[in-house]
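# Close look at the chain arrangement
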Amino acid sequence: MDLIVTEGIEKRFGQLTALRDISLRVRRGELYGLIGPDGAGKTTFFRILTTLMPPDGGRATVDGLDIATDYRRIRAAVGYMPGRFSLYPDLTVKENLEFFATLFGTRLEDNYDLIRDIYVQIEPFRSRRAGRLSGGMKQKLALCCALIHRPRVLFLDEPTTGVDVVSRHEFWDMLSGLKRQGITMLVSTPYMDEAVRCDRIALIQSGRLLSIDTPRGIIENYPDALFEVRAENMRQLTDEIRKRCSPQSCFAFGRSLHVSFSRDDVEAPQRMRAALTAAGCTNLEIAPITPSIEDCFIQQMR
């Protein structure tokens, strides 16, 4: 059963069209990722689905409730963790939790089983003011507050932005635990490596959906042959590849370049090696690789 359904959602801010014909379906119990860079429209989409902002076109339902006519019931049924820390910095950890529980007519102990594994990590700091917590601890507190009323759907807008790598991994482990408890989640992120933790993902850029599939499906549908290329002078290497080798794409990826050619062009790697050797590129390394989600995103942007 689909718990979130959107059909042709549009949103404009003056002359800027922030969302264009956004249609997707999130199944019950699914961990669904909305993947895209800053400014892609992710936050606008989340604000529409959580009834904080009306769309300019299209329609959407959350757990069978229409965002236009059933907004009060939707707000009681969903949890929302915005991208920016939005709890009360002058209240303690425990006071924030009790406040949000009161807002939803429940108590901390009523749904403690849902947040137990998360709360035990911040419980030693329960008397500390929220504004004095580390980034990772703020993140855990915000997640507990979003879950305190046992929502049927959880919206998480870029929840790991600005926290360290270890905290990012811990947070996604927590989401996996919530999924096992049957919570349906729609999470947005600009980090392509987080996409593989989702059941399905939608790639979004400039307010448009580029693709919807499982992470494996998106990777398997990558149409080109991809190579990792390194040499002594990387700046020279980039210029020479673009000038001499006519690749489908060539972009920096860490300390190497990812270069793609049509799958039909089976002689491309040999031709590239010969051209770069003739151009004086030294310590040249060329190896075929499996594309990442980021490679797929860049290919679809082309």
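For the structure, see preceding data.
The notes below deal with the structure included here.

How each quantity is defined
- Residues numbered from 1 in each chain as written.
- Predicted model: local features only at pLDDT ≥ 70, side-chain atom pairs only at ≥ 80, totals over all residues.
- Heavy atoms only, no water.
- Helix = DSSP H or I, 4+ residues; strand = E, 2+ residues; numbered from the N terminus.
- Buried < 20%, exposed > 50% of the residue type's maximum accessible area, 1.4 Å probe, protein only.
- Contact = heavy atoms within 4.5 Å.
- Areas by Shrake-Rupley, 256 points an atom, 1.4 Å probe, with all protein chains shown as cover.
- Lys, Arg positive; Asp, Glu negative; His and termini not counted.
- Charge placed at Lys NZ, Arg CZ, Asp CG, Glu CD.
- Core = buried A, V, L, I, M, F, W, Y, C linked by side-chain atoms within 4.5 Å.
- Pairing = 2+ DSSP bridges.
- Axes fitted to C-alpha atoms, helices over the stretch in contact; angles between N-to-C directions.
- Salt bridge = Lys/Arg side-chain N within 4 Å of Asp/Glu carboxyl O.

Before going further, it helps to spend a moment on the overall build of the protein. Regarding its fold elements, the protein presents 10 helices and 14 strands. Once the C-alpha set of the protein is aligned to its principal axes, its extents read approximately 75 × 45 × 35 Å. Taking all 302 residues of the protein together, 50% fall into the buried category. For the protein, long-range pairs separated by at least 24 residues make up 70% of all intrachain contacts whose partners lie at least 6 apart in sequence. Of the roughly 14900 Å² of accessible surface on the protein, 46% is carried by carbon and sulfur atoms. Measuring between centres, the 41 positive side-chain charges of the protein sit 3 Å from its 39 negative side-chain charges.

For the rest of this paragraph, the subject is the nonpolar core. The biggest cluster of nonpolar side chains holds 46 residues, and the ones touching the most others in it are Leu-97, Leu-141, Leu-143, Leu-154, Leu-156 and Leu-178. With 8 residues, helix H5 (residues 135-147) is the largest single contributor of residues to this core. Those residues in contact with Leu-156 that sit more than four places away from it in its chain are Phe-46, Met-81, Leu-143, Phe-171, Leu-175, Met-185, Leu-186, Val-187 and Ser-188. Core analysis: the next-biggest nonpolar cluster, separate from the first, contains 26 residues, Ile-4, Met-53, Ala-60 and Leu-186 among them.

Counted residue by residue, strand E9 (residues 200-205) has 5 buried out of 6 residues, so it is predominantly covered. Note: strand E3 (residues 31-35) against E9, 4 bridges, orientation parallel. Across the sheet, Tyr-32 pairs through a bridge with Arg-200, a residue of E9. With 5 bridges joining them, E9 and strand E10 (residues 208-213) adopt antiparallel strand pairing.

Pairing within the open sheet is antiparallel, and its 4 strands lie in the order E12-E13-E11-E14. With one partner strand each, in any of the chains shown, strand E12 (249-253) and strand E14 (285-288) form the two edges of the open sheet. Taken pair by pair, the neighbouring strands of this sheet meet at an average axis angle of 25 degrees, ignoring direction. Inspection of the sheet shows strand E11 (residues 224-230) paired to strand E13 (residues 256-262) by 6 bridges, in the antiparallel sense. Of the residues in E13, the one forming a bridge with Glu-228 is His-258.

With that settled, consider unusual backbone geometry. Backbone geometry places Asp-63, a non-glycine residue, at a positive phi of 55 degrees. Inspection of the secondary structure puts Asp-63 in the loop between strand E4 (57-62) and strand E5 (65-66). Unusually for a residue other than glycine, Glu-158 sits at a positive phi of about 50 degrees. Looking at Glu-158, the relative accessible area reads 12%, which means it is buried.

Scanning all chains against the criterion turns up 22 salt bridges. Across the pair Asp-66 and Arg-59 runs a salt bridge whose closest N-O atoms are separated by 3.8 Å. Judged by relative accessible area, Asp-66 falls into the buried class, the value being 18%. Judged by its relative accessible area of 39%, Arg-59 is partly exposed. Two residues, Arg-197 and Asp-173, come together in a salt bridge whose shortest N-O distance is 2.7 Å. Residue Arg-197 is found in the loop between strand E8 (184-189) and E9, and its partner Asp-173 is found in helix H6 (residues 165-180); the two are separated by 24 residues along the sequence. Using a relative accessible area of 29% as the deciding quantity, one classes Arg-197 as partly exposed. Its relative accessible area of 46% is what places Asp-173 among the partly exposed residues. Sharing partners across several salt bridges, the network here consists of Asp-2, Glu-7, Arg-25, Arg-59 and Asp-66.

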